[in-house]
Amino acid sequence: MPRTESHAEPPTESLGESPTGTRSDEAVYDRRRLRQWLAGEARADGIERRDMLRLLAAAGLATTATAATAGFAAPALAAPGTGTGTPGSTGGASAAAVPGIVKPLPEAWFTSRGTNAETKFEALAGTGHHTPTDRFFVRNHTSTPVLDASTWSLTVWGDGLSGGRAAEFTLDELKRLPATTRSAFVECAGNGRSFFTTQQGQTVSGTAWTLGAVGVARWRGVRLGEVLRRAGLSRGAVDVLPRGLDPDYVTADGTNLGRVRRPLPLSKALDDVLLAYEMNGEPLPPDHGGPVRVLVPSWIGIASIKWVGDIEVSAQPLYSPWNTDFYRLFGDAYPAGGSAPLTRQTLKSAFELPWNASLDAAADHRLTGRSWSGAGGVARVDVSTDGGASWRRARLHDAPRRADWVRWSADWRPAGPGAYTLLARATDTTGRTQPETTVHNTQGYLFDAVVRHPVQAV
Ligand SMILES: Nc1nc2c(c(=O)[nH]1)N[C@H]1C(S)=C(S)[C@@H](COP(=O)(O)O)O[C@H]1N2
Ligand SMILES: [Mo]
């Protein structure tokens, strides 16, 4: 059974996140979006018509091609100028092994993966609760634009605003609005993807992350809801589409998908989403979306649009390739059009040790790691040092908090020299525990199975 139907949700969530599950709410909303598209009331700019037809078929809403064509051909509104000019790509500003990333990427802290840099978990040992900004993973579809905070501004526009008038906010104006500070992870939907292949023998597409496409920071910013209300949210608004100022994303086969953007239901936008301008007490640095990024707690990383330049507020449902082709679950266990768009992150654990770490066979060791969940706080972590034959409880060093991780430790003295497999298994406050295997999906999203971590005692 696809996990979308068994995914438990905490009962304490606000609008749109009822105990019946965010994903099923999103599924209902998705069908409504599709019906509106059919009626010519929703826009799908930059999406192939056949892809929309596939979604319709999967949702059991297949209809005549004419209706769908009319919907697809609905004229697109042009975004107003965003006022900041062309985003520049920097590249080479450091000795980074990844073109397009500005900050240094020392090998002790990062693994390069295409346009991205993965954090090495062993680089977090002893660093405290928050990932230091200089060790925080970077996921770029293209490259980091270095924007001038003094000329940057945010345009909020669209037919979901009363009077249809656009509103503009400079950084200083955003900073004068009531500020909120919170701890939250940003985690790529594909984090852990490589384990579909190495643990389950399955083929998946996308960046071959191990577990380091996640970081927790202290974010400070203004609530998106506050900004939307000041911009004049109308009662008809349904979707909010933040868009990045980084260069257009062109797929491997040469299709230009435009700026990175992903619609967010208004219910989530008004709930706990921030426009963040600080990370760990400093101005948001270029690689993490400076001067301002969207921060969507608990949701997959793509929702947290970096370098936000404009936000469309729409009275019609919106689509982008990032909620149609990408960030849904496709594969044998899922409908042909894929699952509903992914929202919450799943549950994971990682040891702060290198892969195949060498440990002194004759010494006591304190194994440390971190566990996190998009559904609730992490309430319990069990550790095995014998490949899963026996388990014991790890000590937790943080209180369980939503959208955050807990640090944990367990003491271990190897029985003797040899190869060992370490496992850590988290359970969150909703009662969900990491499974032994994850149901396959072709793009390798939301891997949540317990990871088998090899070490050598020597
Ligand atoms: N504008 C823009 N926003 C973006 C991206 C991007 O390439 N461009 N990548 C997204 C993805 S897929 C992830 S996982 C997170 C990564 O955030 P980080 O680079 O600060 O770790 O940013 C998201 N926001
Ligand atoms: Mo991502």
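Just so you know, these numbers come straight off a predicted model, no measurement behind them. (Residues numbered from 1 in each chain as written. Chains lettered and ligands numbered in written order. Predicted model: local features only at pLDDT ≥ 70, side-chain atom pairs only at ≥ 80, totals over all residues. Heavy atoms only, no water.)

Visitor: Give a detailed account of the packing of aromatic side chains, specifying residues and quantitative values.
Guide: The final tally for this structure, using the stated rule, is 15 aromatic pairs. Relative to W322, the ring of Y249 has its centre 6.1 Å away and its plane inclined at 55 degrees; by these criteria the two rings are tilted. Here Y249, found in the loop between β7 (239-244) and β8 (264-265), pairs with W322, found in the loop between β12 (308-314) and β13 (347-351); they are 73 residues apart in sequence, far enough to count as distant. A relative accessible area of 0% places W322 in the buried class. Over the aromatic face of W391 sits the side chain of R425, whose NZ or CZ is 4.0 Å from the ring centroid. (Phe/Tyr/Trp six-rings, centres within 6.5 Å; stacked < 30°, edge-to-face > 60°. Helix = DSSP H or I, 4+ residues; strand = E, 2+ residues; numbered from the N terminus. Buried < 20%, exposed > 50% of the residue type's maximum accessible area, 1.4 Å probe, protein only. Lys NZ or Arg CZ within 6 Å of the ring centre and 35° of its normal.)

Visitor: Just give me the short version of the sheet that holds strand β21 (residues 453-457), but keep the residues and values in it.
Guide: On the basis of which strands lie adjacent, the open sheet formed by five strands has the order β14-β21-β20-β16-β17 and mixed pairing. At either end of the open sheet lies a strand with only one pairing partner, and these are β14 (357-359) and β17 (392-393). As judged from the five bridges shared by strand β20 (residues 418-428) and β21, these two strands associate in the antiparallel manner. Its bridge partner being in β21, L422 is matched across the sheet by H453. (Pairing = 2+ DSSP bridges.)

Visitor: I'd love a proper account of empty space enclosed by the protein, names of residues and values included.
Guide: Inspection of every chain in the model, using the stated rule, returns two cavities of 30 Å³ or more. One number sums up the size of the largest cavity: a volume of about 260 Å³. Its residues assigned to classes, the lining of the largest cavity comprises 10 nonpolar, six polar and five charged. (1 Å grid on protein atoms, 1.4 Å probe; cavity = no way out; pocket = protein on both sides within 12 Å on 5 of 7 lines; lining within 4 Å. Points joined across faces, edges and corners; volume = space filled by probe spheres on them. Nonpolar A, V, L, I, M, F, W, Y, C, P; charged D, E, K, R; others polar.)

Visitor: Can you break down the site of ligand 1 residue by residue, with the values?
Guide: Taken together, 21 residues are adjacent to ligand 1, and F137, H141, D246, R293 and K306 come closest. At 2.7 Å, a side-chain N or O of R293 approaches an oxygen atom of ligand 1. For ligand 1, a nitrogen atom lies 3.0 Å from a polar atom in the backbone of S304. For ligand 1, whose free accessible area comes to 530 Å², the fraction covered by protein is 100%. Placement of ligand 1 is best described as lying within the largest cavity. Looking at the shell around ligand 1, its residues break down into 10 nonpolar, six polar and five charged. (Near = heavy atom within 4 Å. Polar contact = N/O pair within 3.5 Å; in protein donor to acceptor, adjacent residues only side chain to side chain. Areas by Shrake-Rupley, 256 points an atom, 1.4 Å probe, with all protein chains shown as cover. Sits in = over half its atoms within 2 Å of the grid points.)

Visitor: Describe unusual backbone geometry, and please don't skip the residues or the numbers.
Guide: If a residue is not glycine, its phi is most likely negative; likewise, a peptide bond is most likely trans. In this chain, G290 is followed by P291 through a cis amide linkage whose omega measures 10 degrees. Relative to the elements of secondary structure, P291 occurs in the loop between β10 (282-283) and β11 (293-295). Positive phi values are uncommon outside glycine, yet S298 reaches one of about 75 degrees. Within the fold, S298 resides in the loop between β11 and β12. The buried category is assigned to S298, whose relative accessible area is 1%. A positive phi angle, near 55 degrees, is found at L446, a position not held by glycine. Considering the arrangement of structural elements, one finds L446 in the loop between β20 and β21.

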